[in-house]
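Analysis of the macromolecular model
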Amino acid sequence: MADRGRGAARGSRGGPTRGRGHGPSSSQPSGEKPRREAILDLSKYVNERIRVKFTGGREVTGMLKGYDQLLNLVLDDVEEDVELPQPRKRSLGLAVLRGPTIILLSPVDGSEEIANPFLNQE
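Everything numeric in this text was worked out from a predicted model, so none of it was measured. (Residues numbered from 1 in each chain as written. Predicted model: local features only at pLDDT ≥ 70, side-chain atom pairs only at ≥ 80, totals over all residues. Heavy atoms only, no water.)

Another point: the pattern of salt bridges. The full count for this structure, using the stated rule, is 6 salt bridges. Here Glu-59 ties to Arg-51 by a salt bridge, and the two come within 2.9 Å at their closest N and O atoms. Judged by its relative accessible area of 18%, Glu-59 falls in the buried class. Of the residues examined, Arg-51 reaches a relative accessible area of 25% and is grouped as partly exposed. Among the charged side chains, a salt-bridge network with shared partners connects Arg-51, Lys-53, Glu-59, Asp-81 and Lys-89. (Salt bridge = Lys/Arg side-chain N within 4 Å of Asp/Glu carboxyl O. Buried < 20%, exposed > 50% of the residue type's maximum accessible area, 1.4 Å probe, protein only.)

As structure tokens, then:
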């Protein structure tokens with residue numbers, strides 16, 4: 001079958017690309033990626049006890065030893081609050097917590113539970 005001149009227009013491998021978003025952009029030097037900044041500044045909580053809640057309802061407390069920009073955490077002296085079948089604490093020791101599963105971080109010291117002001121008072 002004859003080539004009818006359609007091969008180059010359909011994205012051939014050779015030749016320049018025109019406005020398709022391929023290749024390095026002209027606004028950044030090649031080889032350098034923009035540095036992502038962390039959403040939270042956890043440096044003030046290093047060597048402090050923090051509480052972490054996960055998707056699925058699990059909750060742990062421990063001493064923050066390290067973290068990265070993806071919010072992966074390293075905690076020492078970790079204790080998990082187990083609610084079922086009866087409330088108790090389970091000691092886990094040193095643990096690495098995966099950032100994408102974390103939904104809440106809070107310091108243990110300096111926080112207290114307050115009454116819900118939106119709860120219907122009957």
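Right, let's get into the pairing of strand 3 (residues 73-82). When strand 2 (residues 59-67) meets strand 3, the two strands line up antiparallel, connected through 6 bridges. Within the sheet, the bridge partner assigned to Thr-61 lies in strand 3 and is Glu-79. Remark: 5 residues form the turn of the hairpin made by strand 2 and strand 3, two consecutive strands paired antiparallel; Leu-71 in that turn has positive phi of roughly 70 degrees. As paired strands, strand 3 and strand 4 (residues 88-97) are joined by 8 bridges and run antiparallel to one another. Its bridge partner being in strand 4, Leu-73 is matched across the sheet by Leu-97. The turn joining strand 3 and strand 4, which pair antiparallel and follow one another in sequence, is formed by 5 residues. (Pairing = 2+ DSSP bridges. Helix = DSSP H or I, 4+ residues; strand = E, 2+ residues; numbered from the N terminus.)

Considering the arrangement of structural elements, one finds Leu-64 in strand 2. For Leu-64, a relative accessible area of 1% puts it in the buried group.

Here the focus is the pairing of strand 2. When a strand is regular, its side chains alternate between the sheet's two faces. Strand direction decides the pairing type here: strand 1 (residues 49-54) and strand 2, joined by 5 bridges, are antiparallel. Along strand 2, the bridge assignment pairs Val-52 with Val-60. Where strand 1 folds back on strand 2, the antiparallel hairpin that results is connected by 4 residues, among which Gly-56 adopts a positive phi of roughly 100 degrees.

Before going further, it helps to spend a moment on the nonpolar core. Counting residues in hydrophobic clusters, the biggest one holds 12 residues: Leu-42, Ile-50, Val-52, Phe-54, Val-60, Leu-64, Leu-73, Leu-75, Val-78, Ala-95, Leu-97 and Ile-102. Those elements that place two or more of their residues in this core are strand 1, strand 2, strand 3 and strand 4. Aside from chain neighbours lying at most four places away, what touches Ile-50 is Tyr-45, Val-60, Thr-61, Gly-62, Leu-64, Leu-73, Leu-75, Leu-105, Ser-106, Pro-107 and Val-108. (Core = buried A, V, L, I, M, F, W, Y, C linked by side-chain atoms within 4.5 Å. Contact = heavy atoms within 4.5 Å.)

This part is about the sheet that holds strand 4. Across the sheet, which stays open at both edges, the 5 strands sit in the order 4-3-2-1-5 with antiparallel pairing between neighbours. Since the sheet does not close on itself, it has two edges, and those belong to strand 4 and strand 5 (102-107), each with one partner. Sheet twist, expressed as the average angle between the axes of neighbouring strands with direction ignored, equals 25 degrees. (Axes fitted to C-alpha atoms, helices over the stretch in contact; angles between N-to-C directions.)

Mapped onto the elements, Leu-104 comes out in strand 5. The exposure class assigned to Leu-104 is partly exposed, which follows from its relative accessible area of 37%. The spatial distance from the C-alpha of Leu-104 to the C-alpha of Lys-53 is 5.0 Å, given a sequence separation of 51 residues. In this view, Leu-104 contacts Arg-51, Val-52 and Lys-53; residues no more than four positions away in its chain are not counted.

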